[in-house]
Amino acid sequence: MEQESSFLDRVLKIVKDESAAHIPLVQFKHPKELEVILHDDIDISEPVSDQDLEQSVRKVLHYSVKTNKSTFRNQLYGGTDPYGLAGAWIAEAFNTSQYTYEVAPVFTLIENKMLDHILKLFGFPDGDGIFSPGGSLSMLYALVAARYKAFPEVKAKGIRNLPEMVIYSSEGSHYSIMKAAHWLGFGTESVRRIKCNQCGQMLTDELEKAMTEDLSNNKVPIMVNGTAGTTVLGAIDNLEEVARICSKYNVWMHVDACWGGSLILSQKYRMKLKGIEQANSISWNPHKMAGAPLQCSLFLLKEKGLLHEANAAAAQYLFQQDKFYDVRYDTGDKSIQCGRKIDAFKLWMIWKARGDIGLNHMTDHVMELAEFCMETVAQKVGFRLVSAPLQCPNVCFWYIPTFMRHQKEDVKWWDLMHKITPKIKEILMTSSRLMVAYSPLRDHKNFFRLAFTFHPRLDEKEIIDMLQAIEDCGEMLSLDIL
Ligand SMILES: *Cc1c(COP(=O)(O)O)cnc(C)c1O
């Protein structure tokens, strides 16, 4: 035991050493190479000494991606808030489950406090909610709530006697809605993907048209999923218009604000989410823009009680009603999970340390940087924006190398651009300069997405350096290596 705890004492040092400033972002190896390099370290056939264990752990970290670096722009998460990380460590060390008050008394009060505070921010003062292990799970919650509200008998009888139900979501929305539709027995064909405008916002006329068409065919619209911050373009649907349509046809309105929900933290930018307060439910991932350690996601509902009703299974060995304390503080039966991590605590640590005011500044800073990036890209020779103006802190663009410029941009040219973007990414990554996302979208060929998060705090110079890295690597290409 003594030996084990001294290993624990060394952990902070190991992590600090292996993620120090001079350590490169990534040391990319192909899987087969990495299997050889780390073969003995990954092997578990024999027990090893603490010294050997430390050596192996250091090697594991050596080849791991340093997502806390400013040059990690590969995903919508990145560096964690140091207070959040501390919260994650503390919560892990006190290893418990969020399901009952008796095993998590203070963590229960903290989850309630966080829910209250966040519900008010989003405009659900009498709402309800739960922390969930990610936005995809939050999407499942939304569909379960919407379906239960329309057909409460579904809980006992299943869907076999229910009419055909339809779910609406934009073409730019997150793929989790397809998985949820499958898992919940609707089937993926029950999701109508509504077309978007050039900026990636759902065409609400198309939404209404699809809905009236389905109604006249005796189908039942069960939920509209509006998006506040699409994964690629960062588009925010016209939520007021979505709300108008949902209320007209009495359909559950969910807003997937996993990415863009963080804008609610800013007095200046929360305007972009207007209409969200009219939703029936919202999902938000503080583990993305706001830098809470993975996973930290919330599912919020306007109606109190529904979450419990829809999900409760009343296990008598866990949620006994004759306990000696107020059992309303046992919140676990609202959840699909049994054991549930203390995700609220990570966010509480961040909020407690920084306050609304600190989070407000961080949001503003990220949006200002993204504005700067967008303006720079718009003016910089060889760069071309995919979509403007800025909605969330996503900036999407192509880099057109010199040898591709001033040519007719026909199908062949674009097919080449489609290959150029991933090739530039490869060079950026194998030289450890930058990890950046790319994607095609609709008829757009592969382009880059730079998205910005609270941590680490970037400045304009670092953004200029990132664009320079893309340009440098783009200029290394020529027709014959493509
Ligand atoms: C990331 C994302 C999700 C999924 O969240 P996970 O926590 O990764 O499951 C859902 N919706 C949007 C818009 C996202 O960007």
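Residues numbered from 1 in each chain as written. Predicted model: local features only at pLDDT ≥ 70, side-chain atom pairs only at ≥ 80, totals over all residues.

Undergrad: So what's going on with the overall build of the protein chain? Which residues, and what values?
TA: Check the secondary structure of the protein chain and you find 15 helices and 12 strands. For 482 residues, the compact-globule estimate of 2.2 N^0.38 gives 23 Å, and the protein chain sits close to it at 24 Å. With the C-alpha coordinates of the protein chain rotated into their principal frame, the extents come out at 70 × 70 × 45 Å. Residues classed as buried in the protein chain amount to 44% of the 482 residues present. (Helix = DSSP H or I, 4+ residues; strand = E, 2+ residues; numbered from the N terminus. Rg over C-alpha atoms; globule rule 2.2 N^0.38 Å. Buried ≥ 20, exposed ≤ 12 C-beta atoms within 10 Å, placed from the backbone.)

Undergrad: Can you explain the sheet that holds strand β9 (residues 383-385)? Please cite residues and give values.
TA: Taken in spatial order, the 5 strands line up as β1-β11-β12-β10-β9 in an open sheet, and their pairing is mixed. Every interior strand has two partners, whereas the edge strands, β1 (72-73) and β9, have only one. With 2 bridges joining them, β1 and strand β11 (residues 435-441) adopt parallel strand pairing. Along β11, the bridge assignment pairs F72 with M435. Along the sheet, helix α14 (residues 411-430) makes contact with β10 (394-399), β11 and β12 (444-451), crossing β12 at roughly 35 degrees. (Pairing = 2+ DSSP bridges. Contact = placed C-beta atoms within 7 Å. Axes fitted to C-alpha atoms, helices over the stretch in contact; angles between N-to-C directions.)

Undergrad: Outline the UniProt feature "modified residue: N6-(pyridoxal phosphate)lysine" (unreviewed entry) in the protein chain, listing residues and values.
TA: The positions UniProt marks with the feature "modified residue: N6-(pyridoxal phosphate)lysine" (unreviewed entry) are K288. Once residues lying within four places of it in the same chain are set aside, the contact partners of K288 are L76, Y77, C258, W259 and T453. (UniProt positions renumbered as here; feature names shortened; annotations may be inferred.)

Undergrad: So what about the site of the ligand? Which residues, and what values?
TA: Looking at the ligand, there are 15 residues lining it, with G134, G135, S136, H174 and C258 nearest. Taken together, the residues that form the shell around the ligand break down as 3 nonpolar, 11 polar and 1 charged. (Near = placed C-beta within 6 Å. Nonpolar A, V, L, I, M, F, W, Y, C, P; charged D, E, K, R; others polar.)

Undergrad: Can you tell me about the sheet that holds strand β7 (residues 281-284), naming the residues and giving the values?
TA: Pairing in this open sheet of 7 strands is mixed, and the strands run β2-β8-β7-β6-β5-β3-β4 from one edge to the other. In this open sheet, the two edge strands, each paired with only one partner strand, are β2 (128-132) and β4 (191-194). Averaged over all adjacent pairs, the angle separating strand axes in this sheet is 20 degrees, with direction ignored. Where strand β5 (residues 220-227) lies against strand β6 (residues 252-256), 5 bridges are found, and the strand directions are parallel. For N225, the partnering residue across the bridge sits in β6 and is H254.

Undergrad: Please give an account of the packing of helix α7 (residues 135-150) against helix α9 (residues 176-183) that cites residues and values.
TA: Where α7 meets α9, the closest approach of the two axes is 9 Å, and the angle between their N-to-C directions is 50 degrees. In this view, α7 runs oblique relative to α9, as classed from their interaxial angle. Regarding α7 and α9, the two cross each other, and that crossing is right-handed. Together, G135, S136, M139, L140 and L143 of α7 and S176, I177, K179, A180 and W183 of α9 make up the contact between the two elements. Here the residues of the contact of α7 with α9 sort into 6 nonpolar, 3 polar and 1 charged. (Parallel < 35°, antiparallel > 145°, perpendicular 65-115°, else oblique. Left-handed = near helix turned anticlockwise from the far one by under 90°.)

Undergrad: Account for α14, naming residues and giving values.
TA: The periodicity of an α-helix, 3.6 residues per turn, causes residues three or four positions apart to be oriented the same way. The first and last C-alpha atoms of α14 sit 29 Å apart over 20 residues, in line with the 28 Å expected at 1.5 Å per residue. Taken residue by residue, α14 has M417, I420, T421, I424, K425 and L428 as its buried positions. When α14 is viewed along its axis, its buried side chains cluster within an angular range of 130 degrees and face the same direction. Away from its buried face, by an angle of more than 90 degrees, α14 presents the exposed residues V411, K412, D415, P422 and E426. Backbone geometry just after α14 places S432 at a positive phi near 60 degrees. (Expected span 1.5 Å × (residues − 1). Arc of directions from axis to C-beta.)

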